[in-house]
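What follows is the residue order along each chain.
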Amino acid sequence: MTLVSILKEHCKQKPNQIVYTFLEADNVTTLTFAELDQKASSVAANLLKQGAHKSDRIIIALPQGLNYLTAFWGCLYAGLIAVPVLHSINPNHIQRTATITQDTQAKFILANSKTIAAFANIQNKAGSKILTEMNYVDIETISNNESTILLELPKPEDIAFLQYTSGSTSQPKGVIVKHKNLTANLHLLTIAIEVNVNSRLVSWLPLFHDLGLIGKALLVVFAGAQLFLMSPLNFIKNPLVWLETISKYQGTHSYAPNFAYDLCIAESHQLSERQLNLASLQYLVNAAEPIRADTLTRFNEIFKEYGFNPNAWTPGYGMAEATLFITCRASKQSDVSIDTIDTDSLSLGQAVLASKDSLKTKKIVNLGKFQINQELIIVNPETLCTQATRNIGEIWVKGAHICEGYWNLPKLSNETFFTYTKDSENGPWLRTGDLGYLDENGDLFIVSRYKD
């Protein structure tokens, strides 16, 4: 089973059900399962006719929208390896695209006419010569009638796409995500946050990022649900538009990093002018960056009068190397659990709950238990020995959703994805690089990055 076979099955069972809705100003566009299948097939056929071969890497340099999704699915349909990148004509971002293009040895870039023209004007300025040698495919010129090639469905062992890390502390690395990793991780996610055919996901998260692409766009196909998609630029211009969209379309699930909730809090003085009802939210995921306990508290105080249920909060943890999802708070029966830790104990490698006499404390948000079909342990990064409850160490994970390495980086892949503890032959494990601890209930708390 792969995502492609799942989408094909949806086309048989409910071809006219809308899966994607893109919202931009007053313009609303949609794709049904059947329309997505048709457009993806046409993209696939076009790429193959132009000389792309199975497992070729294809750069996707498109703005947020339905064309991005059909381009990505078209690559999957053709057995090609999609490489999502940030859509931008900023010289630094162009250089990053050039670096990724060089690393993947991609042969094609899927873009639109405006992007292709912009790349042509800026290539020399950015010093990105490799982009001048690329074959560009204008997504806007692909006819929906081009799907005349018989497409071979991908297999679970095939590579679906390369997810490049942010590169904020080093050169961006391409995580190799196989079809089997995707289905395994999406299965965990649907269980953890109860996504089903009745779910309505709302997102402004960029599609080149794993949280937006896997956590929203691919998840709704896996579960047969529906996605209401916005542009990240619209959110940045007016953060409350995100909450209004949840309210308007009765969204049941949405995700964002902690900063997004801070922005909504900062703009909350405008709420008196707005109609807002957040009662439909079942899961509001906070992930992708450190989660601040005071953000959750302030959001609760402000938005509870607009129907927000604090039990919807779902602090989560994941990373590209694990496809996406690792843990999240699964219980909706109580408030989010927060540990108040004596900071002196942290420096000693332990997470001791603060007493009334503690002078320095740190609040750490509970990220929940790891899911079925997954193992998680805390390991001393120096001795490689497993740590006891509330002892701080590096988080190690294993399971079918764990990817198998970085593109063209065999040494680093071996050190990161194929590690073993000193006290057990059970493995291999993924070393996450994150430091944390497990409490008495087996719940995960993250303290910092090991490099920090």
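A brief structural summary. Per-chain numbering applies: the sequence of each chain, read as written, is numbered from 1 onward. Where local features are concerned, this predicted model is filtered to residues with pLDDT of at least 70; where side-chain atom pairs are given and counted, the filter is 80 or more; whole-chain, interface and lining totals use all residues. Side-chain descriptors were evaluated using all non-hydrogen atoms of the structure, hydrogens and water having been removed beforehand.

Some points on the side chain of Thr252
As for its position among the elements, Thr252 is in the loop between helix H10 (240-248) and strand S11 (253-256). For Thr252, a relative accessible area of 7% puts it in the buried group. We call two N or O atoms a polar contact when they sit within 3.5 Å, provided that within protein one can donate a hydrogen and the other can accept it, with sequence-adjacent residues counted only if both atoms are side-chain atoms. Within the local environment of Thr252, its side chain forms a polar contact with the side chain of His253, the two groups lying 2.7 Å apart. Not counting residues up to four positions away in its chain, the partners in contact with Thr252 are Ser199, Arg200, Ser280, Leu281, Gln282 and Tyr283. Numbering of helices and strands starts at the N terminus; helices are DSSP runs of H or I of at least 4 residues and strands are runs of E of at least 2. The buried label applies to any residue whose accessible area, calculated with a 1.4 Å probe on protein chains only, is under 20% of its type's maximum; exposed applies above 50%, and partly exposed to all values in between. What makes two residues a contact is simply this: any of their non-hydrogen atoms within 4.5 Å.

Some details on helix H3 (residues 66-77)
Multiplying 1.5 Å by the residue count of a helix minus one yields the expected span of that helix. A rise of 1.5 Å per residue sets the reference length of H3, with its twelve residues, at 16 Å; its end C-alpha atoms lie 16 Å apart and thus fit the reference within 8%. Taking burial as the measure, the twelve residues of H3 include eleven buried ones, the bulk of the element. Along H3, the positions that sit buried rather than exposed are Leu66, Tyr68, Leu69, Thr70, Ala71, Phe72, Trp73, Gly74, Cys75, Leu76 and Tyr77. Once H3 ends, the next one or two residues include Gly79, with phi positive near 75°.

Some details on the sheet that holds strand S18 (residues 393-399)
An order of S17-S18-S19-S20 is seen for the four strands of this open sheet, with the pairing classed as antiparallel. Each edge of the open sheet carries a strand with a single partner, namely strand S17 (374-379) and strand S20 (444-449). Strand-to-strand twist across the sheet, computed as the mean angle between neighbouring axes with direction ignored, equals 45°. Only strands that DSSP links by at least two bridges are regarded as paired with each other. Here five bridges tie strand S19 (residues 430-438) to S20, and the two strands are oriented antiparallel to one another. In the strand pairing of S20, Leu438 is matched with Leu444. Where helices are involved, their axes are fitted lines through C-alpha atoms of the stretch in contact, as for all axes, and angles between N-to-C directions lie from 0 to 180°.

Structural notes on the nonpolar core
Counting 119 residues, the largest nonpolar core has Tyr20, Trp73, Trp242, Leu243, Phe299 and Phe303 as the members making the most contacts within it. By residue number, the principal contributor to this core is helix H8 (residues 210-223), which donates ten residues. Beyond its immediate sequence surroundings of up to four residues, Tyr20 is in contact with Thr29, Thr30, Leu31, Leu36, Leu66, Leu69, Trp73, Ala217, Leu218, Val220, Val221 and Leu227. Working definition of a nonpolar core: buried Ala, Val, Leu, Ile, Met, Phe, Trp, Tyr and Cys residues. They are joined through side-chain atoms within 4.5 Å.

Remarks on the packing of aromatic side chains
Each aromatic pair joins two rings of Phe, Tyr and Trp (for Trp, the six-membered one) with centres within 6.5 Å, and gets the label stacked for planes under 30 degrees apart, edge-to-face for over 60, and tilted for any other angle. Per the counting criterion, the structure on display carries 16 aromatic pairs. A ring pair is formed by Phe72 and Phe161, whose centres lie 5.4 Å apart and whose planes are at 75°; its orientation type is edge-to-face. Pair noted here: Phe72 is in helix H3 and Phe161 is in strand S7 (residues 159-164), with a separation of 89 residues, a long-range link. Each member of the pair, Phe72 together with Phe161, is buried. Judged by centre distance (5.4 Å) and plane angle (50°), the rings of Trp242 and Tyr261 are tilted. Pair noted here: Trp242 is in helix H10 and Tyr261 is in helix H11 (residues 258-266), with a separation of 19 residues, a long-range link.

Here we look at the sheet that holds strand S13 (residues 313-318)
Strand order in the open sheet made by the eight strands is S2-S1-S10-S9-S11-S12-S13-S14, with mixed pairing throughout. Only two strands of the sheet have a single partner each, and these edge strands are strand S2 (27-32) and strand S14 (325-328). Ignoring strand direction, the axes of neighbouring strands in this sheet form an average angle of 25°. When S11 meets strand S12 (residues 283-286), the two strands line up parallel, connected through four bridges. Bridging from a neighbouring strand, Ser254 pairs with Leu284 of S12. Sitting on the sheet, helix H7 (residues 179-192) touches S11, S12 and S14, and the angle it makes with S14 is about 15°.

Considerations on the environment of Ala184
Turning to its location among the elements, Ala184 is positioned in helix H7. Note: C-alpha distance between Ala184 and Ala400 (216 residues apart in sequence) is 6.0 Å. When neighbours within four sequence positions are excluded, Ala184 is seen to be in contact with Ala400 and His401.

Comments concerning helix H12 (residues 293-303)
For H12, the full list of buried residues reads Ala293, Thr295, Leu296, Phe299, Asn300 and Phe303. Viewed along the axis of H12, the buried residues span an arc of 165°, placing them on a single side of the element. Along its buried surface, H12 packs onto H10, H11, S12, S13, strand S15 (338-342) and strand S16 (361-365). Directions from the helix axis toward the C-beta atoms define the arc.

Description of unusual backbone geometry
A cis amide bond links Gly427 with the next residue in sequence, Pro428, at an omega value of 0°. Its location among the elements puts Pro428 in the loop between helix H14 (410-417) and S19. Although it is not a glycine, Leu384 adopts a positive phi angle of roughly 65°. Secondary-structure assignment places Leu384 in the loop between S17 and S18. Despite not being glycine, Asn408 shows a phi value in the positive range, around 65°.

Observations concerning a nonpolar patch on the surface
In this scheme, patches are assembled from residues that exceed 30% relative accessible area and form no salt bridge. Like charges are connected within 9 Å, while nonpolar side chains (Val, Leu, Ile, Met, Phe, Trp, Tyr) are connected within 5 Å. Only the protein chains shown count as cover for residues, with accessible areas throughout obtained via the Shrake-Rupley method and a probe of 1.4 Å. The rule for a salt bridge is simple: a side-chain nitrogen of Lys or Arg has to be within 4 Å of a carboxyl oxygen of Asp or Glu. On the surface, Ile236, Phe259 and Leu263 cluster together to form a nonpolar patch covering roughly 240 Å² of accessible area. Residue position: Phe259 is located in helix H11. Judged by its relative accessible area of 32%, Phe259 falls in the partly exposed class.

Quick word on the pattern of salt bridges
Throughout the structure, instances matching the rule amount to 18 salt bridges. Here Lys8 and Asp37 are joined by a salt bridge, their closest N and O atoms 2.9 Å apart. Residue Lys8 is located in helix H1 (residues 3-13), and its partner Asp37 is located in helix H2 (residues 33-49); the two are separated by 29 residues in the primary sequence. The partly exposed category is assigned to Lys8, whose relative accessible area is 28%. Judged by relative accessible area, which is 15%, Asp37 ranks as buried. Between Asp56 and Lys107 there is a salt bridge whose closest N-O contact spans 3.9 Å. Taken as a pair, Asp56 in the loop between H2 and strand S3 (57-60) and Lys107 in the loop between helix H4 (91-104) and strand S5 (108-111) lie far apart in primary sequence, 51 residues in all. Asp56 sits in the buried class, given a relative accessible area of 9%. In the salt-bridge network here, residues are joined through shared partners; they are Glu157, Lys178, Lys180 and Glu404.

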